[in-house]
Amino acid sequence: MAGNLDVLEFTLEQKWAKGLSIHFCNALESQRFQNSEDFQQSYSLCQVHSEKLVTWSPQKTPETYRETRADGFIARGDSFKNSHKKLVIRTADCCPLFYVDRENQSIAAIHAGWRGLQQGIHLVPFREGFDPKTTWIWCGPCLNGDNFEVNQDMWSLFDKRHQSNPEVFATKNSKGVTCSENKRFFQCWNFLELEYKKIGVELFYNVEIDSFSNENYNSYRRWNKSNPDAKTPHNYSWISF
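The structure presented is a predicted model; accordingly, all values stated were derived computationally and were not measured.

Parameters and conventions
- For every chain, the first residue of the written sequence is number 1, and numbering continues from 1 along that sequence.
- Selection of residues for local features in this predicted model requires a pLDDT of at least 70, selection of side-chain atom pairs for listing and counting requires 80 or more, and totals for whole chains, interfaces and linings are taken over all residues.
- Only hydrogens and water are set aside; all other atoms, that is, all heavy atoms of the structure, feed into the side-chain values.
- Under the DSSP-based scheme used, a helix requires at least four consecutive residues in state H or I and a strand at least two consecutive residues in state E, with every element numbered from the N terminus.
- Categorising residues by exposure relies on relative accessible area from a 1.4 Å probe, with only protein chains included: less than 20% of the type maximum marks a residue as buried, more than 50% marks it as exposed, and the intermediate range marks it as partly exposed.
- When checking whether two residues touch, look at their non-hydrogen atoms; a contact exists if any pair is within 4.5 Å.
- The arc in question is the one spanned by the directions pointing from the helix axis to the C-beta atoms.
- In the analysis that follows, any N or O atom pair within 3.5 Å is treated as a polar contact, provided that within protein one partner can donate a hydrogen and the other can accept it, and provided that, for residues neighboring in sequence, both atoms belong to side chains.
- Two strands make a pair as long as DSSP finds a minimum of two bridges between them.
- Two aromatic rings from Phe, Tyr or Trp, using only the six-membered ring of Trp, form a pair when their centres are within 6.5 Å; if the ring planes differ by under 30 degrees the pair is stacked, by over 60 it is edge-to-face, and anything between is tilted.
- We count a charge as sitting over a ring when the NZ of a lysine or the CZ of an arginine lies within 6 Å of the ring centre and within 35 degrees of the ring normal.
- For salt bridges, the criterion is a side-chain nitrogen of Lys or Arg within 4 Å of an Asp or Glu carboxyl oxygen.

Caption draft 1: Structural detail: the overall build of the chain. Within the chain, the secondary structure is distributed over 10 helices and 14 strands. Taking the principal axes of the C-alpha coordinates as reference, the chain spans close to 55 × 40 × 35 Å. Every one of the 241 residues in the chain was classed for burial, and the buried ones make up 51%. Restricting to contacts in the chain with at least 6 residues of sequence separation, those with at least 24 account for 65%.

Caption draft 2: Molecular detail of helix 1 (residues 27-34). If you check which residues of helix 1 are buried, you get Glu29, Ser30 and Phe33. The buried residues of helix 1 occupy an angular sector of 100 degrees when projected down its axis, which confines them to one face. In the core, the buried residues of helix 1 are packed alongside strand 3 (21-24), helix 2 (37-41), strand 6 (87-91) and strand 14 (235-240). By the N-cap criterion, in which a side-chain oxygen at the helix start approaches the backbone nitrogen of a residue two or three places on, helix 1 is capped by Asn26, the distance to Leu28 being 3.2 Å.

Caption draft 3: Seen up close, the sheet that holds strand 7 (residues 95-101). Sheet architecture is open: 6 strands sit in the order 4-5-8-7-9-13, paired in mixed fashion. The open sheet has two edge strands with one neighbour each: strand 4 (54-55) and strand 13 (203-206).

Caption draft 4: Inspection of the packing of aromatic side chains at higher detail. Tallying each qualifying case throughout the model produces 24 aromatic pairs. With centroids separated by 5.3 Å and ring planes inclined at 75 degrees, the aromatic side chains of Trp16 and Phe241 adopt a geometry described as edge-to-face. Placement of the pair is Trp16 in the loop between strand 2 (9-11) and strand 3 and Phe241 in the segment after strand 14, with a sequence separation of 225 residues. The same class applies to Trp16 and to Phe241, which are both buried. Where Phe80 meets Phe241, the ring centres are 5.9 Å apart and the plane angle is 65 degrees; that geometry is what we call edge-to-face. Remark: Phe241 occurs in the segment after strand 14 and Phe80 occurs in helix 4 (residues 77-81); sequence separation between them is 161 residues. The pair formed by Phe80 and Phe241 is uniform in burial state, with each residue classed as buried. Following the ring pairs from residue to residue traces out a cluster consisting of Trp16, Tyr43, Trp56, Tyr65, Phe73, Phe80 and Phe241. In this arrangement the basic side chain of Arg66 is found over the ring face of Phe39, its NZ or CZ atom lying 5.5 Å from the centre. The lysine or arginine in question, Lys86, covers the ring of Trp238, its NZ or CZ lying 5.0 Å from the ring centre.

Caption draft 5: Region of interest: the pattern of salt bridges. One pass over the structure, following the stated rule, counts 7 salt bridges. In this structure, the salt-bridge partner of Glu13 is Lys18, at a minimum N-O distance of 2.9 Å. A salt bridge links Asp38 to Lys86, with the nearest nitrogen and oxygen atoms 2.9 Å apart. Placement of Asp38 in helix 2 and of Lys86 in the loop between helix 4 and strand 6 is noted, with a sequence separation of 48 residues between them. Since its relative accessible area comes to 34%, Asp38 is described here as partly exposed. Through salt bridges with shared partners, one network takes in Asp159, Arg161 and Glu195.

Caption draft 6: The pairing of strand 14, seen in detail. With 6 of 6 residues buried, strand 14 lies mostly within the body of the structure. Judged by which residues are buried, strand 14 turns out to be covered on both faces: Asn235, Ser237 and Ile239 on one side and Tyr236, Trp238 and Ser240 on the other are all buried.

Caption draft 7: Region of interest: the sheet that holds strand 11 (residues 169-170). Across the sheet, which stays open at both edges, the 3 strands sit in the order 10-12-11 with antiparallel pairing between neighbours. Whereas interior strands pair on both sides, the edge strands pair on one side only; in this sheet they are strand 10 (149-151) and strand 11. Relative to strand 12 (residues 183-186), strand 11 is paired through 2 bridges, and the arrangement is antiparallel. Across the sheet, Ala170 pairs through a bridge with Phe185, a residue of strand 12.

Read these as layout, nothing more, since geometry by itself doesn't imply function.
This is the structure in structure tokens:
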């Protein structure tokens, strides 16, 4: 596995996954990509903060998938490998997650906001045949920790073991400042790491870039504060051979 930290691109060289690339665009790259012919030929979804994943098929057009209400793709075998098509995830604080099961020749591309995480979208691939022991997962730029303060109506929806875990829902930020009684700081990176460790995922790689604090990336929370009436631009991420 090789990575270029300047452009956040990772290329695999293992077995079936040889030549597979995962790319996380910053704001400038995302704008260029959205205006390119490459974008028109890539596959993306009408993301709705659900736990639904769809199986990619070369028989369906990019236009068909853009009208499909779901939050992730699963693709398998040489039909995907030989297509050289990009499966694209769009985020602006949510987690872009990419899974590679090199033994079962399967990949997944997932848009995971807190609603999706609460519903368990990050575990769906393992209910669809992915083996944790042979799966590697990448998490791209997203909101985390100090910048992800949430109300009780959000954190109370999670499993009680997570609600009471200060590594997941912290009452103090990294500077030691205590939040108000009904609020918590959602440590989504820790949440994912704990969830994947519990089921024995072989590798979880987090780029550890907070989309709010790193202004090279688009952030709904940062953008909405200064442009409340404008549509938030997105960060694009993709996986392809």
